[in-house]
Amino acid sequence: MSDPLLQIEGLQAGYGDVQVLWDVTIRVMPGEITCIVGSNGAGKTTLLRTVSGLIQPRAGSIRLQGQELAGETADAVLGAGIAHVPEGRRLFKGMSVRDNLLLGAYLRRDRQEVEQDLEFVLDTFPILKERAHQDATTMSGGEQQMCAIGRGIMSRPKLLMIDELSLGLAPRLVDTLGEALQAVNRTGLTILLVEQDVITALELASTGFVIETGRVTMTGSADALADDPRIKEAYMGL
Ligand code: ATP
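No experiment lies behind these values; they were computed from the predicted model shown.

Student: Explain the sheet that holds strand β1 (residues 6-15) to me, please; I cannot follow it from the model alone.
Tutor: Picture the strands of a sheet paired through backbone hydrogen bonds; they go either parallel or antiparallel. Here we have 4 strands laid out as an open sheet, ordered β2-β1-β4-β5, and antiparallel in their pairing. Each edge of the sheet is formed by a strand with only one pairing partner; in this case those strands are β2 (18-28) and β5 (67-68). Sheet analysis places β1 next to strand β4 (residues 59-64), joined by 5 bridges and oriented antiparallel. Residue pairing in the sheet places Gln-12 in a bridge with Ala-59 of β4.

Okay, structure coming up:
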């Protein structure tokens, strides 16, 4: 078995006096789509923000290919190869789709490869090609999500983390996005997906982690989790 791309161990994090994550251990294998599922408020966003260096952990380690990232700045984490597509997309108003995408590459100096990656993103999400010169924030929610994912890809990361892929989007659009992500994954990009929509997440991923009130409570192959009666009852309304 290969080594994990990302290994999170014993992670503790929170805000002020409030501890949100308790001893979280998660591994992401290279080349896979891994998902973290859990209800609203379980700590999923806090976990991604801690991995990205936006929140400093209180304890634990976050290693990317063995390199310790706990305590690093957000720029250093991005430079090491982790891109974070935040919940709510956070595109820049007054800037075109193209410029929003290029912002994802702001740490890169390999301009020719940046152009190639831009072509790849525009081929993956053809609607962004049509809208390349439009203010990104005037697009529909689904188009903005594509742009936010594209911006993440533009940093040429080793790991792409996406917070709430499907939130607020129509099911058909979620399917389109899911297919695009699987195509991106097949090019070799490892993806960590955080989702409240457990069914969607387990369909896309090969491995899953369940997080409840800041603790990992279950893990396994996505198929096994989708078949688990506890998951069906708690998250699928079955
Ligand atoms: P969601 O799906 O709503 O994003 P989540 O699983 O991502 O949920 P978090 O956003 O990580 O959950 O929130 C986990 C806990 O941390 C919640 O109890 C929340 O109220 C608390 N929390 C989040 N942000 C802050 C903050 N800036 N200050 C204090 N507490 C916070």
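Resuming the write-up.
Student: For this particular structure, what's the right way to read the nonpolar core?
Tutor: As a rule of thumb, nonpolar side chains are buried together in soluble globular proteins. Counting residues in each nonpolar core, the largest one holds 47 residues, and the members touching the most others are Leu-128, Ile-149, Leu-160, Ile-162 and Ile-231. Here this core spans two domains, since at least three of its residues come from each of domain 1 (1-81 + 157-238) and domain 2 (90-156). If near-sequence neighbours (up to four positions away) are discounted, Ile-231 is found in contact with Val-198, Leu-202, Val-210, Met-218, Leu-225 and Met-236. Within the second largest apolar cluster, 27 residues are counted, among which are Leu-11, Leu-64, Leu-69 and Ile-82.

Student: Please explain the confidence of the model for the chain as it appears in this structure.
Tutor: Predicted coordinates in regions of low pLDDT should not be interpreted in detail. Across the chain, the average pLDDT comes to 94, with 99% of residues at 70 or higher. Here helix α10 (residues 229-235) stands out as the least confident element of the chain, with mean pLDDT 88; β4 is the most confident, with 98. Confidence metrics for the complex model read pTM 0.94 and ipTM 0.91.

Student: What is the right way to look at unusual backbone geometry in this model?
Tutor: Comment: phi is negative for the bulk of residues other than glycine, and the bulk of peptide bonds are trans. One non-glycine residue with positive phi stands out, namely Arg-156, at about 45°. With respect to the secondary-structure elements, Arg-156 resides in the loop between α6 (141-153) and β7 (159-163). Looking at Arg-156, the relative accessible area reads 41%, which means it is partly exposed. Positive phi, close to 55°, is recorded for Glu-164, a residue that is not glycine. When you line up the elements, Glu-164 lands in the loop between β7 and α7 (171-186).

Procedures and definitions
- Residues numbered from 1 in each chain as written.
- Predicted model: local features only at pLDDT ≥ 70, side-chain atom pairs only at ≥ 80, totals over all residues.
- Heavy atoms only, no water.
- Pairing = 2+ DSSP bridges.
- Helix = DSSP H or I, 4+ residues; strand = E, 2+ residues; numbered from the N terminus.
- Core = buried A, V, L, I, M, F, W, Y, C linked by side-chain atoms within 4.5 Å.
- Buried < 20%, exposed > 50% of the residue type's maximum accessible area, 1.4 Å probe, protein only.
- Domains from an automatic or database assignment.
- Contact = heavy atoms within 4.5 Å.
- pLDDT = per-residue confidence, 0-100.

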